[in-house]
Amino acid sequence: MRHVIESAIVTQDFERIEQEVALLSTEQSMMVYVILDSASDIQFANHIIWRDSNASNVIEGYSAERHRSSVINNKPYVDVNFDRLSIQAYYPLNTNSRFSYSNAPELVYLEYDIVNLLSEASERLLKRFIEIWGGGAIVLILFCLLLHYVLIRPLKQLSQAAKNLEEPDFNNNVVCVVSEINNLRDYLNLVKARLFRSRKRLNDAEQRWLFAVEGARNGIWDWGIATGEVFVSDRWKEILGYQPYELDNDYSVWESRLHRDDKEHVLNTLQNYINNQNDEYESVHRLRHKDGRYIWVLDRGKIVEWDVAGRPLRLIGTITDVSGDVKNQRISVDKINNTGLTDLINRELLGNELYDLQVFSRKTGQFSALLMINLDNFKLINDALGRQLGDRLLMQIAARLSGGFSATCLVARLGADEFVILAKSLGSEIDQANKRALALASEVRQLIGRGFTIAEQNLSISARIGIVVFDGIESLEPQILLARADSALEQSKESSTNGCAIYLPELDKNHIQPLKLQNELSQAISNQQMSLVYQPVVDQAGRLQSVEVLMRWHHPHFGFISPAKFIAAAELTDCIFELELWGLDRVIEVIQTLNQAQSKVPIMSLNISSRHFHQEHFVSVVMSRIHAAQIDPALLQFELAEDIFVVNTTSAKSKIVELKHHGVNIAMDNFGGGSCAVHILQGIGFSQVKLAAIYLEELEYNPEKFNIVNAVVDFATKLHLPVVAKQVENKQQLNLLTHAKCTWFQGYIISRPLSEDDIIQLIKTQLSLSVVP
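### Comments concerning the overall build of the chain
And then number 1: The secondary structure content of the chain amounts to 23 helices and 26 strands.
And then number 2: Summarising the internal contacts of the chain: among those between residues at least 6 apart in sequence, 62% fall at separations of at least 24.
And then number 3: Approximately 40,700 Å² of the chain is accessible, and the part contributed by carbon and sulfur atoms is 52%.

Here it is as structure tokens:
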């Protein structure tokens, strides 16, 4: 048609166009067939009535915008209009003569009815669907029958056979066509064989467990919490002097035999564990024996079954008699006041045992060992909780040691926080004996480090152990062996020893006994042997932010003594109080000197021991001295170690809040050292946290260590805690700590600790110590 129209326009033969349009009008499905000019006027149409009309007015589906787009782009446009059930098409005409007059034809528009086509297609589709569905249904039925025979029937047979595990195997009457079903049948036979083997191993394990329980001589109890039913083993009854048939399996059998002074504490401890307030149940208490006397037992338990809501249903535990004879060093209580732990083996009796042990080692050729155990933070716990609860803690520690080692070793207690274990038959070679002694010491540290519950408080306590290994050939006085163990105990303070150290002869060189240090410390201040040094803390630009005040002791005979030694010795006595208050007074004098010189005073930071901090009148004592000196409390900062939260967390927090209320800054030292749970820090708002020095070890050589430091600093930053990197010694460490975004820096690469005159001069001149890498 486009060719006809274009040629007709050229020859001006418009009748030919009309004839062609009239011919197309005979097609019944042709709804619209018109030829339009640029103004959308109809020049020719299959309906005469539309001629000379505007297509927009008379043709419903026509679009003038689509008309113009098709002409401009010289491309036809065809679309299926499902609303009108028709095909619409726009065909532009290509003729050069159409510009010769304004109403020249330029587009053919047609609309073709597809209703009949759709109807025919639907009928054919429905017919085809019926044919396919009918055939498919037959195929589906056949497939289901085949599936039942090949898969479902064999699976049902295997399932039925699996209900009776006593059958020899799963092969009888099971017809398997598919290889996978055959594999399943073989696997079920394999599982059955494994089940029988597991039953045998379980039975063997039960027999071994019973043998182990009998060998350990512990009494077993099993308590159904919901039902109240209790099972106690024959050994449990034997410990209390009863025959197996003499006691009923009832909860009251146990509770009615608790000593009245222990009953409330034991039941509270048990209930707290059931309520998930404590991590474990462990108690040292007294139970009434059949003959009327009371025996001390170490009672331990663990929840082994819960309901769907997570509530405990069943508790299993053991009791160990820890009140036996003196030889096996069990524990007892002073029969007069029932308040403290009695040392059943004193130094004199221990000396006899050491003599006997050396004779044994000499005769058998086997090495023996003396382990001296020191509890790290017992003084702090004893001061914070009181002596009565401190004694209760010692009783639990002694019970653990006695219950764990008295069968193979001799356990003794020397003093408030010192225990001794004598172990024999460690081997005939010194290397082997050393390894076994260290393994025993590590086991002791783990046993003590499990934590305790006293007065509904969860306590964490650690231990250091000094070890002396001997073969008895060199007959030594007990005092010498104990002194050597004490030297090794001092060595165990070093981080590289992991809390355990074996005595070596070189440890005696320049070694100062802690007891001698304590005696000398009482005279050190009055003899003007103590002094203070001041180490700057700066930001990245080298600006002075604060100063840490450090103590030094120059002894006239021993020379300079390490603060790690004399501070630890001072904490064992009340010298630590006097020492730290003297340091506070000296710092106040320095601040007064700087105030008089009208210098800008940085924050002066003093280390305060946890034991001193927990003293009842600590806040009032220090604040009275600060107010008497009339200085701004904000110029002072107290550095506290993480272990202030080990006991009396609530009291520690309240003291910190009170000090901050007075204006004193509070910093945490050794941040990230692991002694403090993270949730305890919530809401305190420390002015500084000092990164634990352990993070700087091998920092420049170990990428993983840097990632850890980065994570710790990022964690502190998110808690809005400024981080001080201390003990920075070289440029590589400084670079890495800067990249980790530490806030402040302290260490020898920045400045060594300065004397009082030097720090005053530095503050007055406000020198900038460059830190930028």
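### A word on the nonpolar core
And then number 1: Met604, Phe645, Leu659, Phe686 and Leu737 are the most contacted members of the largest nonpolar core, which has 84 residues in total.
And then number 2: Top element by residues in this core is helix H17 (residues 575-596). It accounts for 12 residues.
And then number 3: Ignoring any residue separated from it by four or fewer positions in sequence, one finds Leu737 in contact with Leu691, Leu696, Leu699, Val709, Ala725, Val728, Cys742 and Phe745.
And then number 4: The next biggest cluster of nonpolar side chains, apart from the first, holds 41 residues, and it includes Ile381, Ala441, Ile448 and Val646.

### Points about the packing of helix H12 (residues 387-405) against helix H13 (residues 430-448)
And then number 1: Between H12 and H13, the shortest axis-to-axis distance is 10 Å and the interhelical angle comes to 140 degrees. In terms of axis orientation, H12 runs oblique to H13. Crossing of H12 over H13 shows right-handed handedness. Residue-level contacts link Ile397, Arg400, Leu401 and Phe405 of H12 to Leu440, Glu443, Val444, Leu447 and Ile448 of H13.

### Brief notes about the packing of helix H11 (residues 378-385) against H12
Two packed helices can be described by the angle between their axes and the distance between those axes.
And then number 1: In contact at an axis separation of 6 Å, H11 and H12 are set at 135 degrees when each is read in the N-to-C sense. Relative to H12, H11 is oriented oblique. Across the interface between the two elements, Phe378, Ile381, Asn382 and Leu385 from H11 touch Arg387, Leu389, Gly390, Leu393 and Leu394 from H12.
And then number 2: Its residues assigned to classes, the contact of H11 with H12 comprises 6 nonpolar, 2 polar and 1 charged.

### Quick word on the pattern of salt bridges
And then number 1: Under the defined criterion, the tally for this structure stands at 24 salt bridges.
And then number 2: The partner of Asp307 in a salt bridge is Arg311, and the shortest N-O contact between them spans 3.0 Å.
And then number 3: When the shortest N-O distance is used, the salt bridge between Arg543 and Asp539 registers 3.0 Å.
And then number 4: Asp539 gets classed as buried once you look at its relative accessible area, which sits at 9%.
And then number 5: Taken together, the shared-partner salt bridges in this structure form one network comprising Glu282, Arg300, Arg400 and Arg450.

### Examining the confidence of the model for the chain
And then number 1: This prediction gives the chain a mean pLDDT of 81; 87% of its residues lie at or above 70.
And then number 2: Per-residue pLDDT stays below 50 along residues 767-773; that stretch engages in 26 contacts with residues further than four places along the chain or on separate chains.

### Side note on a nonpolar patch on the surface
And then number 1: Together, Leu155, Leu184, Tyr187, Leu190 and Val191 make up an exposed nonpolar region whose accessible area comes to about 390 Å².
And then number 2: Among the elements that take part in the nonpolar patch, helix H6 (residues 179-216) stands out by supplying 4 residues, more than any other.
And then number 3: On the secondary structure map, Val191 appears in helix H6.

### Regarding helix H23 (residues 756-765)
And then number 1: Here H23 has its buried residues at Ile759, Ile760, Leu762 and Ile763. Around the axis of H23, the buried residues are gathered within 160 degrees of arc, so they sit on the same side.
And then number 2: Buried positions along H23 lie against strand S18 (530-538), strand S19 (544-555), H17 and strand S21 (603-608).

### As for the sheet that holds strand S16 (residues 463-470)
And then number 1: The strand order S12-S13-S11-S16-S17 describes an open sheet built from 5 strands, whose pairing is mixed. Among the strands making up the open sheet, the edge pair consists of strand S12 (409-415) and strand S17 (500-502). Between one strand axis and the next, the sheet turns by 20 degrees as a mean value, whatever way the strands run.
And then number 2: As defined by bridge partners, strand S11 (residues 368-375) adjoins strand S13 (residues 418-423) across 6 bridges and the pair is classed as antiparallel. Paired with Ile373 across the bridge in S13 is Phe419.
And then number 3: Contacts from helix H14 (residues 478-491) reach S11, S12, S13, S16 and S17, with the element oriented near 135 degrees to S16.

### Concerning H12
And then number 1: Helix length check: H12, at 19 residues, gives a terminal C-alpha distance of 26 Å against a target of 27 Å (1.5 Å per residue), a fit within 8%.
And then number 2: Buried residues dominate H12, accounting for 14 of its 19 residues.

### Concerning the environment of Leu440
And then number 1: Relative to the elements of secondary structure, Leu440 occurs in helix H13.
And then number 2: The class for Leu440 is buried, based on a relative accessible area of 12%.
And then number 3: In this structure, the C-alpha to C-alpha distance between Leu440 and Ala423, residues 17 residues apart in sequence, is 8.9 Å.
And then number 4: When neighbours within four sequence positions are excluded, Leu440 is seen to be in contact with Leu371, Phe405, Cys409 and Ala423.

### Considering the packing of aromatic side chains
And then number 1: This model, assessed by the stated rule, comprises 10 aromatic pairs.
And then number 2: Both rings, one in Phe14 and one in Phe44, keep their centres 6.4 Å apart while their planes meet at 25 degrees; by these two values the pair is stacked. Here Phe44 lies in strand S2 (residues 42-45) and Phe14 lies in helix H2 (residues 14-25), a separation of 30 residues in the sequence.
And then number 3: Phe14 sits in the partly exposed class, given a relative accessible area of 29%.
And then number 4: Judged by relative accessible area, which is 6%, Phe44 ranks as buried.
And then number 5: Through pairs of rings, three or more aromatic residues link up here, namely Tyr62, Tyr77, Tyr90 and Tyr109.

### Looking at the pairing of S19
And then number 1: For S19, a buried count of 9 out of 12 residues is recorded, marking the element as mostly surrounded by other parts of the structure.
And then number 2: Note that S18 and S19 share 9 bridges and pair antiparallel. Looking at S19, one finds that Val533 is bridged to Leu550.
And then number 3: Count of turn residues in the S18/S19 antiparallel hairpin: 5 residues, of which Gly542 carries a positive phi of about 85 degrees.
And then number 4: Of the strand pairs in this sheet, S19 and S21 are connected by 4 bridges, and their pairing is parallel. Note on S21: the bridge partner recorded for Val547 is Met604.
And then number 5: The sheet contact formed by S19 and strand S20 (residues 559-561) spans 3 bridges and is antiparallel. Paired with His555 across the two strands is Gly559, which belongs to S20.

### Some details on unusual backbone geometry
Working note: non-glycine residues mostly have negative phi, and peptide bonds are mostly trans.
And then number 1: Positioned with a positive phi, Leu85 is a non-glycine residue whose angle comes to about 55 degrees.
And then number 2: Not every positive phi belongs to a glycine, and Gln598 is a case in point at roughly 55 degrees.
And then number 3: Here Gln598 shows up in the loop between H17 and S21.

Cut-off values and rules
- Residues numbered from 1 in each chain as written.
- Predicted model: local features only at pLDDT ≥ 70, side-chain atom pairs only at ≥ 80, totals over all residues.
- Heavy atoms only, no water.
- Helix = DSSP H or I, 4+ residues; strand = E, 2+ residues; numbered from the N terminus.
- Contact = heavy atoms within 4.5 Å.
- Areas by Shrake-Rupley, 256 points an atom, 1.4 Å probe, with all protein chains shown as cover.
- Core = buried A, V, L, I, M, F, W, Y, C linked by side-chain atoms within 4.5 Å.
- Buried < 20%, exposed > 50% of the residue type's maximum accessible area, 1.4 Å probe, protein only.
- Axes fitted to C-alpha atoms, helices over the stretch in contact; angles between N-to-C directions.
- Parallel < 35°, antiparallel > 145°, perpendicular 65-115°, else oblique.
- Left-handed = near helix turned anticlockwise from the far one by under 90°.
- Nonpolar A, V, L, I, M, F, W, Y, C, P; charged D, E, K, R; others polar.
- Salt bridge = Lys/Arg side-chain N within 4 Å of Asp/Glu carboxyl O.
- pLDDT = per-residue confidence, 0-100.
- Patch = residues over 30% accessible without salt bridge, like charges linked within 9 Å, V, L, I, M, F, W, Y side chains within 5 Å.
- Arc of directions from axis to C-beta.
- Pairing = 2+ DSSP bridges.
- Expected span 1.5 Å × (residues − 1).
- Phe/Tyr/Trp six-rings, centres within 6.5 Å; stacked < 30°, edge-to-face > 60°.

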